[in-house]
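Letter by letter, the chains look like this.
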Amino acid sequence: MNRTVERTFMILQLIAGRKRGITLQEITNEMGMAKSSVFVIVQSLLELNYITTLRDNDKKYCLGIETFSLGMKYVDEMSLIQECTVNLQPIAEKYNKTAFVAVLNGTKIVYVHKYVAQNARLASCAIGTRKDAHATSLGKAILAFLPKEEQSAVLDKIDFKPLTDYTITSKEMLLEELRKTKERGYSLDQRELENITSCCGAPVFDYTGRVIAAVSLSDIYNEAIDNEQVAKELKEVAMHISKNLGYNPHP
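Computed from a predicted model, the values in this text were never measured in an experiment. Here the residue numbering is sequential within each chain, running from 1 through the sequence in written order. Whole-chain, interface and lining totals are the exception, using all residues; otherwise, since this is a predicted model, local features are given only for residues with pLDDT of at least 70 and side-chain atom pairs are given and counted only at 80 or more. Excluding hydrogens and water, the side-chain values take into account all heavy atoms of the structure.

## Some details on the state of the cysteines
- Sulfur atoms of two cysteines make up a disulfide when they are within 2.5 Å. The full count for this structure, using the stated rule, is zero disulfides.
- Considering cysteine sulfurs only, cysteine 200 is the nearest to cysteine 84, which forms no disulfide, with 14 Å between them.
- The thiol sulfur of cysteine 200 is not disulfide-bonded, and the nearest other cysteine sulfur, from cysteine 199, lies at 7.6 Å.
- On the accessibility criterion, cysteine 200 (1% relative accessible area) is buried. The classification of residues rests on relative accessible area computed with a 1.4 Å probe and restricted to protein chains. Under 20% of the type maximum is buried, over 50% is exposed, and intermediate values are partly exposed.

## Some details on the pattern of salt bridges
- A pairing counts as a salt bridge when a side-chain nitrogen of Lys or Arg comes within 4 Å of a carboxyl oxygen of Asp or Glu. With the rule as written, the count across this model stands at 14 salt bridges.
- Residue arginine 3 is joined to glutamate 6 by a salt bridge in which the shortest nitrogen-to-oxygen separation is 3.0 Å. With arginine 3 and glutamate 6 both in helix α1 (residues 3–16) and three residues apart, this pair spans about one turn of that helix.
- Given a relative accessible area of 48%, arginine 3 falls into the partly exposed group.
- Taking relative accessible area as the criterion, glutamate 6 reaches 27% and is therefore assigned partly exposed.
- The salt bridge partner of aspartate 219 is arginine 121, with a shortest N-O separation of 3.5 Å. With aspartate 219 in strand β9 (residues 211–220) and arginine 121 in the loop between β5 (108–116) and β6 (130–132), this residue pair connects regions lying 98 residues apart in the sequence.
- What makes aspartate 219 buried here is its relative accessible area of 4%.
- Look at arginine 121 and you get exposed, because its relative accessible area is 51%. Segments assigned H or I by DSSP are reported as helices when at least four residues long, segments assigned E as strands when at least two residues long, and all are numbered from the N terminus.

## Notes on the sheet that holds strand β7 (residues 187–190)
- Here six strands make up an open sheet; going across it, the order is β6-β5-β4-β9-β8-β7 and the pairing antiparallel. Two strands close off the open sheet at either side, each with one partner strand: β6 and β7. Direction aside, neighbouring strands of the sheet carry axes that sit 30° apart on average.
- Strand direction decides the pairing type here: strand β8 (residues 197–205) and β9, joined by nine bridges, are antiparallel. The residue bridging cysteine 200 from the neighbouring strand is leucine 217, located in β9. Paired strands are those between which DSSP finds at least two bridges. Only the stretch in contact is used when a helix axis is fitted, and all axes are lines through C-alpha atoms; the angle between N-to-C directions ranges over 0 to 180 degrees.

In structure tokens:
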């Protein structure tokens, strides 16, 4: 284990345990470190906003806004999985499909949850698997609702390599697909990622109104199945999950 990283987190834990703050000298005494070494770590945490000083005593340190933000992201993700576990199961069983939950990581989506209906024909993609966002309903559902600047930054980094004959292969084509996705509130993947699969997806929002994930239903491709109807129902489920996470569609 890296000694500096270990000491940094030990100092954070020490600060977190003092409700009324802690001084540099007290940290030094508790850690048994040279004061100069403690000072370097504390100043770095201070500049990164992981710690701050008390309003009424600038000699004492307490946790900062970034620590709070990090903790809330963890709580949100845990809440997300719990909400999806409860709410995706019924619709997956109703249509005999496999339900997925994913988050965006760069130009990829990462699967963070999966539920396979008892009579589902598709159970591919293990938790932790990464796939090209532009070729998945999950990815398109997230990308469509990102702020424009953030969306553009992601799209500029995408390698539009064809995965099947149906994969979107240009930024212009993807932008048009994202426009349609945002307009109807759900996304579709008709053999774009794999030749044998079709999926529909919908975005999930947090209490700030930001898109944080997407949910999807996947199956073996069948042109006789009305994916639009399934997608509309999935959109309602995703909205229910979002509201349970504190999202207000009409602030």
